[in-house]
Structures are given as C-alpha cells and as structure tokens.
Amino acid sequence: MSQNNTIVLKSIDELLNESFFIPFYQRGYRWTPRQAKDLLDDLSEFQTQQKEGKATPFYCLQPVVVKRHERGWELIDGQQRLTTLHIILGFLKAQMAPGQMLYQISYETRPGSEDFLSDLKEEKSRDNIDFFHMYEVRKTVQQWFEKRDETKEPEFLKTLLGNGKAGGNVKVIWYQINEETDVAKIFTRLNMGKIPLTNAELVKALLLKRSNFEEQERHLRQLKIAQEWDEIERALQADDFWYFLSGEEREANRIEFVLNLVARDLQDDKTDISPADPSYIFLTFADWFETTQDLQPFQTCWGKIKRWFMILQEWYQEHDLFHMIGFLVASGRTVSSIAKIFAKTTTKKEFRQALKNEIKNTFIKKDENIDHYIRGLTYENRESVLKVLLFFNVRSFFSNPETNARFQFDRYKAQKWDVEHIHSRSDNLPGQRQKQIAWLQYTLDFVASSSMYNLQDDNKRKELLEEGKRLIKKDNFSKQEFDNIAKDIVNFYGNSEKNSEVSPRDWKDSIGNLALLDSKTNRSYQNAIFPLKRQHIIARDESAIFVPLCTKNVFLKYYSAHVNDMLRWTVKDMENYQNAIIQTFTEFFTEPGAAA
C-alpha cells in the first residue's frame, strides 16, 4: 500500500484504458458551452502553432487528482475536464483506431449518467441538470467541428491522442494521493478559492468528511446524507416552491438558500465573517466545526439543515403562511429577516400576528389609517400602488378558507410589472402621425363592430365612427384635430356618469383607475380604450397567460355594484373598485388576531 503522493505527466492516450469513479461528495457536471468552446479553441491554436514550429512540446491541462479505488480511480478533482474530453472523444469516435476504447466514468450517486454519457440523446437531456449540461456541450462540440473542413476531425484526434512523434500531444498533471488520505479533506482544500465550486459543494464535502462518522457505518451514513441532500435540492428545484422563497434566478445549488439560514444560526458574535463575503456560508460552517464545543457537531449541524428545510416546507404548505410570506418576499423582505421574526415567536398564532404586523408596516406607520392611505395613493406613487395591488391580489387567494387556489409567485416573478390606467388618460395620446393613424384604425375597428344598449349612446358611437373615418381619409390632419376626436372616443368609453358630483378627472390617477399589468401587456395597450383593454386581458387569460386575479376581475367588472354596461369604465366603477381594495385591507388588519 503506497504511503506517498505521486505526481507525473500522462497523455490522454494513456488514460483510455482507465476507469474513473465519481464519489458522492462531488458536484455534477457543470461545464458551459462557452467553456467547452474555449478548450476547443485553445487546442486548435496549439495545433496551429505546432505546425508552424512555435508550439511547446505538449499542451498541458489542469491537474487530475486521483486515489486508488476498487473500480479503478476515485476522481477527486478533474471531473469537469475529463468529462468534457470524454464528450469530445465520443464525437470523434469514428476517427479512432479499431478496438480503441474511451476511458470509463461511473458515478456513485447519479445513476444513469454513465449510460447517458456514452449515448448523448436529446430526448433524455432534460431528465436532470447533469444531462442537460452534457448534451449542451455535445451540441457545442458538433457545431464547432461543422464550421471546419473535413480534415479537422482526424487532425484534432491526432493532437489529442498523439505521442509527441505523431502530430502532437495533450497531457494532464496526474496527481495520485496515498490510500490513507481523507479524500473529502483534499477535495475541500484543492477547491478553496476556485470560482466554479460553490458554497453548497464545499459545505457538502465538509459534512461528508471521514472523521464525522464511525468507520463501520461510514459508507452507509455518507450515502444516506448525500441522498437526503439531493432530495432537498430536488424539492427546491420546483419553481413554485423556489420563487415563493426567493426572486433570484438560479438553476443549481438552490440548497444554499437553506445553508444560508443555518449559517446565520451557527454564527456567533465572536466571528467577524461578513454575510457579504462570497464564501460566507462555507467559512461560517468551517469556523463553527473548528470552534464548537458541541459533542456531536455533525449531528447538530445536519439536524439544523433538515430542520430549516422542514420549516420552509411548512411555510409553503400552510395556505395563509404561503401567501403572507410570499408577499413579503415579493415586496423586498428576505427570508432571513422573516426567520428572525419566526425565532422571536413561540406559537403559530404569534407568528401569524407578527407577519401581519410586518405586512402592515410595509404600507403605513403605526398610527396611520389604512383607509386614508389607500385613498391618497395616485399614479405618481407607482411603487406604493404596486405593493397595494400586489397584496390585494395575494389576499384575494387566502381570504376564503374554503379555496386551495394559490397566487403564482413563480409566474409573477418571471415577469416585470407595471401599474397602468384602466381607463386611459386622454392627455397621453400618440403624438406621431403614423402612431395616430394606427391608433385610430385599431380603435375604429372596434367602434364599428360594437353597439350600445342605449339608442342615444349608439347614435353617438356612430357619429364618432364617421368623424374618425373622415379624419383618416384626410391627406393631412393637425395634432389638435386628432386630439379632439381621440379624447371624445376615450371619454365616450370612460366617462358615462352624468350626474356624479365628483369630476372624472379627479379619478384618472387614483388607485380606483389603476391595475397591475405585466410590462409586455402594458406596452401593447398603446392607450387603448377600456373595451379593447378588456378584450386583450380576456384573450391572454384564455391563452393561459398569467393575468393577476384582481386585474382580470377589474376588467370583468366583478367589483362594480351595478353592471349595466360592460364597454365602459365609469367613475362609479372606480369608486366600487377602490372600496373593494380598502375593504380587503381593512378586514385583513382588523380580523381576530390581526395586527394592532
């Protein structure tokens, strides 16, 4: 049994008959198409320089760190490079000599990866994140060679597998550690400071190191922890769960979200590790393991990870907690700050009340009146209006305990959102002639195809239609002429209250005339009249495109006390809608157990 570490140079040709084993503490394959292309370009440049007599004797890849294993070699570091080379060689397999084989790569905790690597099919590439990255790199390799002439493939293979006398050579630094070395410890030390390795992967290696387990049970315990780790990561891969907790777009290593909560639990006042440090999570875990007086540090640490994950799952599963916490996170609060609130409470009732207090603080100060606050909001306060409309939507899902319907935070966070007028402002019409003509044509098409219940109103509709048609036919019309007819049309479909004591202009920017819309829908409106906006919203909803519940309700006039004209948005509709918002907020903050 070797007690010494050895380091030698080995050509890729020397590796072809070897078998490599990827242990449980390793992350999956994560090379991007950009990294694969960079490697191909570098090897091609080396090939060119060699032909010109300017190259070094061989092209040297980064170290491959291995340890003897019953399946061949345990690959401690270098999985990404060897996997990428395997994909390149697999593409060039037809150019290899008869009987020449590729080295084998097997995986301890990712069954199926070995088979997929040998036959990279698109239909299976979405089965998991490893397959996706492998297939993307395979596509990149194929595209790279397709842009070159036919002689490139055999020449490239000769460079990869040559022996120095036949067209070049590619070597790796082969670093073999002795059988007594703790591979998890080596893995961690080798990868500290490398950008590709994440906090999650470093913490995983720290948790799975040999000294954490009794020797007789070590292997089974390590496999169990690795399996539970993967189950947590898999659960967090569900977007409805992930975007309930976070607005960050992240494909892999979502478990770091849980580890961050645990790190804040582990960190004491004596440590000066900043949460802003990119390695904060790993450094905090490492510091705790080094300084703790806990007699069972591994069990305590792993217990905290599982406990926090179960807490997050409970918040997700509880209907009201899901919506309250989801709203706070969508409004800028962090789960870490919510965790602090949770830590100060002893019962679910206390926690719910604390969350209500936090929600109320999102809108008003302690002594302010929510009714007065909402009535005072205008289009100028778009950020505040957006939060009010968001909560109005969210609250509508959990105000009724008999429904299991949920607000789709994942769909909400996938888009950008605006606050937009329900009834368009007549002082914000198109200014360019081409856009004015487009607006008139789009609007008059609807005016021509619709009719009003009231004969007097229908006559007015026909009159506006004829005036609009005459304007379009003119070779040149003034901005004033356009503004006059456009304002008349907009107000015909928006200001139908005859005897209101409140001027419609006082309502144009109030919250009673504002709705929550995604930016794409908002841009497509082009100051359309109310019934056209309504048609657009209904069409999107019919196409299963996410439309916030209350936005849909507004355009269906669900909040209006008397619905006798679906083509107009009136002052009375605005009043009813604003009152519905106020009532929703008031009931939430005054129901039993609510915030004081």
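This section reports on the structure supplied with the text. What you see is a predicted model, and the numbers here were worked out from it, not measured in a lab. Each chain carries its own residue numbering, running from 1 in the written order of its sequence. Confidence filtering applies because this is a predicted model: local features only for residues at pLDDT of at least 70, side-chain atom pairs given and counted only at 80 or more, and all residues used for totals across whole chains, interfaces and linings. Calculated side-chain values reflect all of the structure's heavy atoms, with hydrogen atoms and water omitted.

## Re the overall build of the chain
A tally of regular secondary structure across the chain gives 26 helices and eight strands. In what follows, a contact means two residues having at least one pair of non-hydrogen atoms within 4.5 Å. Long-range pairs, those at least 24 residues apart, make up 72% of the contacts in the chain with a sequence separation of at least 6. Entry remark: accessible area of the chain is about 30000 Å², with carbon and sulfur atoms responsible for 46%. By definition, any uninterrupted DSSP run of H or I lasting at least four residues is a helix, any uninterrupted run of E lasting at least two residues is a strand, and each is numbered from the N terminus. All accessible areas in this document rest on Shrake-Rupley with a 1.4 Å probe, and a residue is counted as covered only by the protein chains that are shown.

## Some points on the packing of aromatic side chains
Pairing of aromatic side chains requires ring centres within 6.5 Å, counting the rings of Phe and Tyr and the six-membered ring of Trp. Pairs whose planes differ by under 30 degrees are stacked, by over 60 edge-to-face, and all others tilted. Taken as a whole, this structure holds 47 aromatic pairs when the rule is applied. When the centroid spacing of 5.9 Å and the interplanar angle of 65° are considered together, the rings of Phe 46 and Tyr 59 count as edge-to-face. Placement of the pair is Phe 46 in helix 2 (residues 33-51) and Tyr 59 in strand 3 (residues 59-69), with a sequence separation of 13 residues. Relative accessible area serves as the criterion here: at 4%, Phe 46 is assigned to the buried category. Per-residue accessibility, obtained with a 1.4 Å probe over protein chains only, is compared with the maximum for each type, and a residue is labelled buried under 20%, exposed over 50%, and partly exposed between these values. With a relative accessible area of 17%, Tyr 59 lands in the buried category. Chaining the aromatic ring pairs together yields one cluster made of Phe 241, Phe 244, Phe 309, Tyr 316, Phe 322, Phe 397, Phe 407, Phe 409, Tyr 412, Trp 417 and Phe 546. Ring-over charges, as used throughout, are those where CZ of Arg or NZ of Lys falls within 6 Å of the ring centre and within 35 degrees of the ring normal. A cation over a ring is seen here: Lys 360 above Phe 589, with NZ or CZ 5.8 Å from the ring centre. In this arrangement the basic side chain of Arg 568 is found over the ring face of Phe 492, its NZ or CZ atom lying 4.5 Å from the centre.

## Quick notes on the nonpolar core
Counting residues in each nonpolar core, the largest one holds 109 residues, and the members touching the most others are Phe 285, Trp 315, Phe 363 and Phe 585. Excluding its chain neighbours within four sequence positions, the residues that come into contact with Phe 285 are Val 203, Leu 206, Leu 259, Val 262, Ala 263, Leu 266, Cys 301 and Ile 305. Nonpolar cores are built from buried Ala, Val, Leu, Ile, Met, Phe, Trp, Tyr and Cys residues. Side-chain atoms within 4.5 Å join them into one set.

## Considering helix 20 (residues 433-449)
An α-helix turns once per 3.6 residues; consequently, residues spaced three or four apart project the same way. Here the expected span of a helix is defined as 1.5 Å times the quantity of residues minus one. Look at helix 20: 24 Å from first C-alpha to last across 17 residues, which is about the 24 Å you get at 1.5 Å a residue. Three or more residues of helix 20 are buried, namely Gln 436, Trp 439, Leu 440, Thr 443, Leu 444, Phe 446 and Val 447. Within helix 20, the buried residues cover an arc of 155° as seen down the axis, which keeps them to one side. Summarising the geometry of helix 20, the exposed residues directed more than 90 degrees from the buried face are Gln 434, Asp 445 and Ser 449. Where helix 20 is buried, its residues touch helix 21 (455-473), helix 22 (479-492) and helix 24 (530-542). The arc refers to the directions leading from the helix axis to the C-beta atoms.

## Digging into the environment of Phe 555
Note that Phe 555 resides in helix 25 (residues 549-555). When the C-alpha atoms of Phe 555 and Leu 567 are compared, they prove to be 9.7 Å apart, with twelve residues separating the residues in sequence.

## Re the pairing of strand 8 (residues 514-518)
By the criterion of burial, strand 8 is predominantly enclosed, with five of the five residues buried. A two-sided burial pattern is seen for strand 8, the buried positions comprising Leu 514, Leu 516 and Asp 518 on one face and Ala 515 and Leu 517 on the other. Only strands that DSSP links by at least two bridges are regarded as paired with each other. Two strands pair when backbone bridges link them, and strand 7 (residues 417-421) and strand 8 are joined in this way by five bridges, in the antiparallel orientation. Along strand 8, the bridge assignment pairs Trp 417 with Asp 518.

## Digging into unusual backbone geometry
Positioned with a positive phi, Ala 544 is a non-glycine residue whose angle comes to about 65°. Its location among the elements puts Ala 544 in the loop between helix 24 and helix 25. We note that Lys 557 has phi near 60°; this positive angle belongs to a residue other than glycine. Among the secondary structure elements, Lys 557 is positioned in the loop between helix 25 and helix 26 (571-590).

## Side note on the pairing of strand 2 (residues 19-22)
Relative to strand 5 (residues 104-107), strand 2 runs parallel, the two sharing four bridges. Each bridged residue has a counterpart across the sheet, and for Phe 20 the counterpart in strand 5 is Ile 105. Here strand 2 pairs with strand 4 (residues 72-77) via two bridges, running parallel. Note that in strand 4 the partner of Phe 21 across the bridge is Glu 74.

## Some points on helix 9 (residues 218-236)
In a regular helix each residue adds 1.5 Å, so 19 residues correspond to 27 Å; helix 9 covers 27 Å between its end C-alpha atoms and thus fits that length. Among the residues of helix 9, Arg 218, Gln 222, Ile 225, Ala 226, Glu 228, Trp 229, Ile 232, Glu 233 and Leu 236 are the ones counted as buried. Buried residues along helix 9 cover an arc of 165° about the axis, so they all sit on one side. Every exposed residue of helix 9 that faces more than 90 degrees away from the buried side is listed here: Leu 220 and Arg 234. Those residues of helix 9 that are buried are in contact with helix 8 (199-207), helix 10 (239-245), helix 11 (256-266) and helix 13 (297-317).

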